[in-house]
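# Remarks on the overall topology
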Amino acid sequence: MQVLVTGGAGYIGSHSVLTLLENDYEVIVYDNLCNSSAESIERVKRLTGKSVDFIEGDIRDKDKLREVFEHHNISVVIHFAALKAVGESTTIPLSYFQSNVHGTVCVLEVMKEFGVNNFIFSSSATVYGEENDVPYDENMKLGTPSSPYGANKVMVERILQDLAISDPQFRAVSLRYFNPIGAHESGEIGEDPSGIPNNLLPYVAQVAVGKRAKLNIFGGDYPTQDGSCERDYLHVMDLAEGHLAALEWLNKNESFRGVEAFNLGTGNGVSVFAIVKAFESATSKAIPFDVAPRRSGDLPAFWANANKANTQLNWQATRSLTQMMKDTWHWQSNNPNGYAK
Ligand SMILES: NC(=O)c1ccc[n+]([C@@H]2O[C@H](COP(=O)([O-])OP(=O)(O)OC[C@H]3O[C@@H](n4cnc5c(N)ncnc54)[C@H](O)[C@@H]3O)[C@@H](O)[C@H]2O)c1
């Protein structure tokens, strides 16, 4: 079965491609490398001993996408490609709507031209917005996220629903990720942010490796157990396996039509202070930090109700917080400059 993976050179994409290859899927990666390196795919090939067809291209380039569909027998698209920095999305919102909403529409249009009906979408917990109470579950109404990035995800979920109403053959799964961290246990692939990391764990890892002086913890006075924000962190390999589970769910449920959303999280909230402590004890590296003022748009705490993915996809996040920390450090210490030589 041939799977087209857009954004497959990126952080979650590369780990998912590895999992798909290990489970004997044929994978075509389509990525414009705006936030990644083709080296991740080279390493995935080495780790699995399998080949991957890699095409450098932008999802908004429909002619190039058409060529990919013409030359392969694609039956499903897993769509990771997107810009993903929440803060940046507030400064260049038009670029975010261009890439994340218009780009997704381009992919869906070309799929339709070629009669490909199966779509797995990288959504996010951010779609629950500020209106919903934790733990988030899939029956809740989509919220109003505070950032353009979050709005992009809500819009795409809405587009998928409208497309499913109009097209009785369309089958989509929206995977709402919580907070993926960690890296493949080999230390060969991992998260390689360009510039200053936006996410907590890459920042912590860069402090540990000496690239940054100290961590800023944004807000120590939230109404949480220790005053810092709480998030539902899951290992990126568990998340990768969630994509495999979604793909197998689509394969098994042949009569399914429409859109189904699943939360992919552990079901537990962990605070920023707890993450720092866990990283220090798993790696014996000290992480100096300052508590800085709150960042606008950050919610105090959220985590998943993951029951639906547990029961219907037969998927569960199994890797421990210690494993997440060890694997992050293994990747970062082996690759202090990421994929750059
Ligand atoms: N990392 C997270 O915490 C998180 C949480 C929730 C949802 N997501 C979503 O998961 C997906 C993957 O995230 P990630 O963390 O792996 O990010 P990433 O930046 O590492 O991967 C995204 C990939 O898409 C590519 N890309 C971006 N725009 C493109 C375009 N126009 N055409 C072709 N390729 C393009 C980038 O080069 C990159 O390789 C994204 O859709 C993101 O919004 C991520």
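Remember, predicted model here, so these are calculated numbers, not experimental data.

## Here we look at the packing of aromatic side chains
- A complete count under the given rule lists 12 aromatic pairs for this structure.
- Plain terms: the ring middles of W249 and F262 are 5.5 Å apart, the flat faces sit at 80 degrees to each other, and that makes the pair edge-to-face. Residue W249 is located in helix α8 (residues 236-252), and its partner F262 is located in strand β11 (residues 258-264); the two are separated by 13 residues in the primary sequence. The same class applies to W249 and to F262, which are both buried.

## So, the site of the ligand
- Around the ligand there are 28 residues in total, and D31, N35, S36, F80 and Y149 lie nearest to it.
- Within the contact set of the ligand, an oxygen atom lies 3.2 Å away from a backbone nitrogen or oxygen of G10.
- Contacts to the ligand include S36, whose side-chain N or O atom sits 2.7 Å from an oxygen atom.
- Starting from 820 Å² of accessible surface for the ligand in isolation, the protein chains cover 96%.
- Elements that contribute at least two residues to the shell around the ligand include exactly α1 (11-22), β5 (118-124) and α6 (148-166).
- Counting residues per element, the shell around the ligand draws most heavily on β5, which supplies three residues.
- Class assignment of the residues belonging to the shell around the ligand gives a composition of 13 nonpolar, 10 polar and five charged.

## Concerning the packing of helix α7 (residues 200-208) against helix α11 (residues 321-334)
- Between α7 and α11, whose axes approach to 10 Å, the crossing angle comes to 55 degrees. Relative to α11, the element α7 lies oblique. The chirality of how α7 crosses α11 is right-handed. Two secondary-structure elements touch here, α7 through L201, P202, A205, Q206 and A208 and α11 through M325, T328, W329 and Q332.
- Classifying every residue of the contact of α7 with α11 by side-chain character gives six nonpolar, three polar and no charged.

## Considerations on the nonpolar core
- One finds V3, V17, L20, I120, V173, L175 and L313 to be the most contacted residues of the largest nonpolar core, which totals 42 residues.
- It is α8 that provides the largest number of residues to this core, a total of nine residues.
- Ignoring anything within four residues of it in the chain, the contact list for V3 reads L20, Y25, E26, V27, I28, V76, I78 and L247.
- Residues I55, F69, L163 and F170 belong to the second largest nonpolar core, which totals 25 residues.

## A short note on the domain arrangement of the protein chain
- On domain assignment, one finds that the protein chain holds domain 1 (2-181 + 232-264) and domain 2 (200-231 + 267-307 + 318-334).
- For domain 1 versus domain 2, the distance between C-alpha centres works out to 26 Å.
- Each side of the interface is counted separately: domain 1 has 21 residues, and domain 2 has 21 residues.
- Across the interface of domain 1 and domain 2, roughly 1,800 Å² is buried in total on both sides, 61% from carbon and sulfur atoms.
- When the buried area of domain 1 at its contact with domain 2 is split by residue, D232, Y233 and H235 rank highest and sum to 36% of it.
- Put simply, domain 1 and domain 2 have two salt bridges between them.
- Two residues, R319 and E241, come together in a salt bridge whose shortest N-O distance is 2.8 Å.
- Along the contact surface separating domain 1 from domain 2 lie 11 residue pairs in polar contact (both at pLDDT 80 or more).
- Looking at the side of domain 1 that touches domain 2, the elements with two or more residues in it are β7 (179-181), β10 (233-235) and α8.
- In terms of residue class, the side of domain 1 that touches domain 2 is made up of nine nonpolar, five polar and seven charged.

Thresholds, definitions, all that
- Residues numbered from 1 in each chain as written.
- Predicted model: local features only at pLDDT ≥ 70, side-chain atom pairs only at ≥ 80, totals over all residues.
- Heavy atoms only, no water.
- Phe/Tyr/Trp six-rings, centres within 6.5 Å; stacked < 30°, edge-to-face > 60°.
- Helix = DSSP H or I, 4+ residues; strand = E, 2+ residues; numbered from the N terminus.
- Buried < 20%, exposed > 50% of the residue type's maximum accessible area, 1.4 Å probe, protein only.
- Near = heavy atom within 4 Å.
- Polar contact = N/O pair within 3.5 Å; in protein donor to acceptor, adjacent residues only side chain to side chain.
- Areas by Shrake-Rupley, 256 points an atom, 1.4 Å probe, with all protein chains shown as cover.
- Nonpolar A, V, L, I, M, F, W, Y, C, P; charged D, E, K, R; others polar.
- Axes fitted to C-alpha atoms, helices over the stretch in contact; angles between N-to-C directions.
- Parallel < 35°, antiparallel > 145°, perpendicular 65-115°, else oblique.
- Left-handed = near helix turned anticlockwise from the far one by under 90°.
- Contact = heavy atoms within 4.5 Å.
- Core = buried A, V, L, I, M, F, W, Y, C linked by side-chain atoms within 4.5 Å.
- Domains from an automatic or database assignment.
- Buried area = accessible area lost by both parts, 1.4 Å probe.
- Salt bridge = Lys/Arg side-chain N within 4 Å of Asp/Glu carboxyl O.

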